Amino acid sequence: MPQLRKDPVTDRWIIIAEERNNPSSLPLFEKEEYSANGFCPFCYGNEDKTPAEILAYRRQGCGPNQRGWKVRVVPNRFPALQPEIGVKKEARGVYDWMSGTGVHEIVIEHPEHKAGFETYTSEDVEYILWAYKDRYLDLRKDNRLKYILIFRNSGKAAGASIEHPHSQIIATPVIPKRVSEELKGSLRDYNFKNRCVFCDVIRQELQDKSRIIAENKDFIAFCPYASRFPYEMTILPKEHSSDFSSISENGIESCSQVLLESMQKLLSSLDYPAYNFVVHKAPADNENLDHYHWHIEVVPRVIRLSGFEFGSGFYTNPTPPEQAAALLCSKRKGK
Ligand SMILES: [Zn+2]
Ligand SMILES: [Zn+2]
Ligand SMILES: [Zn+2]
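Residues numbered from 1 in each chain as written. Chains lettered and ligands numbered in written order. Predicted model: local features only at pLDDT ≥ 70, side-chain atom pairs only at ≥ 80, totals over all residues. Heavy atoms only, no water.

Novice: Help me understand the coordination of the zinc ion (ligand 2), please; the structure alone is not making it clear to me.
Specialist: Octahedral metals with six donors have ideal donor angles of 90 or 180 degrees. Tetrahedral metals with four donors have an ideal donor angle of 109.5 degrees. Taken together, Cys196 (SG), Cys199 (SG), His240 (ND1) and His293 (ND1) make up the protein donors of the zinc ion (ligand 2), found 2.0 to 2.4 Å from the metal. Geometry at the zinc ion (ligand 2) is tetrahedral, judged from its 4 donor atoms and the angles of 105 to 116° they form at the metal. Note on histidine 293: relative accessible area 0%, which makes it buried. (Donors = N, O, S within 2.8 Å, 3.2 Å for Na, K, Ca; no water. Tetrahedral: all angles 85-135°; square planar, octahedral: opposite > 155°, others 65-115°. Buried < 20%, exposed > 50% of the residue type's maximum accessible area, 1.4 Å probe, protein only.)

Dropping the structure here:
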């Protein structure tokens, strides 16, 4: 029987339409492969083919823009927004206009072209999270930037034009709509209950257990109760914090373990689908919020959106999250 479920943060309704489900046929469209012999500017040895690096973790004794690195951060050669432009705002009749001020950086996660969460060690993931944190702390000094979004596209169906494992950082002069919905929704809940709704969700997930994918003492990964997409996952620190960039060294270690374990379960169970993940945190100019809780959202690209989703803002998900969690956990154990 189909059911409607409401997301407790955003109040978005989703439809779980289980009879449409056929897990054996996921993903529901062909994987698009990358060309095998194309040139890759992110590969080890091609350091001079990218703009000069902004940050790199490298072996002692080797200079910038050379070999010897573990993670490199470079400006995007084709940026969505540009830092040189001053912020200008105008009303053009009914339309609001703003200059494209911002920053667009690439985090090259690993020297090897074919690496990824399927091959990473926990230490590899720690280096990536350190790069996110270090770049975030630097970018937030620019008070023109209201939000710094860290995200990852993997696979053509998820929007990654280059196969080499990388994530991106886009800093914008406005707060993204999805984040402001979460901020508003969680503030409304906080004003009513005087508690963080995300902390309540964690408590409930720990009690229910049926949607948990991975967990350690500091972090939890689960398929959300009102998942928009099949096998969607959320990763949260168990202790309340709205600010990813205040994460401690131990926190990075713990987060890496849970992120890696949940990603590996997802990838191996679904035959290495394209996916996106995004880090959501409080805005750069207001980072310590009692009502908001930073998190990572992971969405495998296993179904396409239809006119119904596009036209209504409802999502129709054919895989109940309890079933998704069971599959992600069972396959892995069998391997
Ligand atoms: Zn490469
Ligand atoms: Zn919280
Ligand atoms: Zn979010």
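Novice: What exactly am I supposed to notice about the coordination of the zinc ion (ligand 3) here?
Specialist: Taken together, Glu182 (OE), Glu182 (OE), His280 (ND1), His295 (NE2) and Glu297 (OE) make up the protein donors of the zinc ion (ligand 3), found 1.9 to 2.7 Å from the metal. Spacing between the donor residues of the zinc ion (ligand 3) along their common chain follows E-x97-H-x14-H-x1-E. Here histidine 280, found in strand β13 (residues 275-280), pairs with glutamate 297, found in strand β14 (residues 295-300); they are 17 residues apart in sequence, far enough to count as distant. In this structure histidine 280 comes out as buried when scored by relative accessible area, which is 3%. Note on glutamate 297: relative accessible area 7%, which makes it buried. (Helix = DSSP H or I, 4+ residues; strand = E, 2+ residues; numbered from the N terminus.)

Novice: Help me understand the pairing of strand β7 (residues 103-108), please; the structure alone is not making it clear to me.
Specialist: For a regular strand, the rule is simple: side chains alternate between the two faces of the sheet. Here β7 lies mainly inside the structure; 6 of its 6 residues are buried. Burial along β7 is two-sided: Val103, Glu105 and Val107 and His104, Ile106 and Ile108, pointing in opposite directions, are all buried. For strand β4 (residues 69-75) and β7, the ladder comprises 4 bridges, and the chain directions are antiparallel. Along β7, the bridge assignment pairs proline 75 with glutamate 105. (Pairing = 2+ DSSP bridges.)

Novice: I keep staring at the pattern of salt bridges and nothing clicks. Help me out?
Specialist: Proximity of charged atoms lets side chains of opposite charge pair with each other. By the definition in use, this model includes 30 salt bridges. Between glutamate 261 and lysine 265 there is a salt bridge; the shortest N-O distance is 3.0 Å. A residue pair is termed a helical-turn pair when its members lie 3 or 4 positions apart in one helix, as glutamate 261 and lysine 265 do in helix α4 (residues 249-269) at 4 residues. Residue glutamate 261 is classed as partly exposed on the basis of its relative accessible area, which comes to 36%. Look at the salt bridges and you will find they share partners, linking Arg5, Glu205, Asp208, Arg211 and Glu322 into a network. (Salt bridge = Lys/Arg side-chain N within 4 Å of Asp/Glu carboxyl O.)

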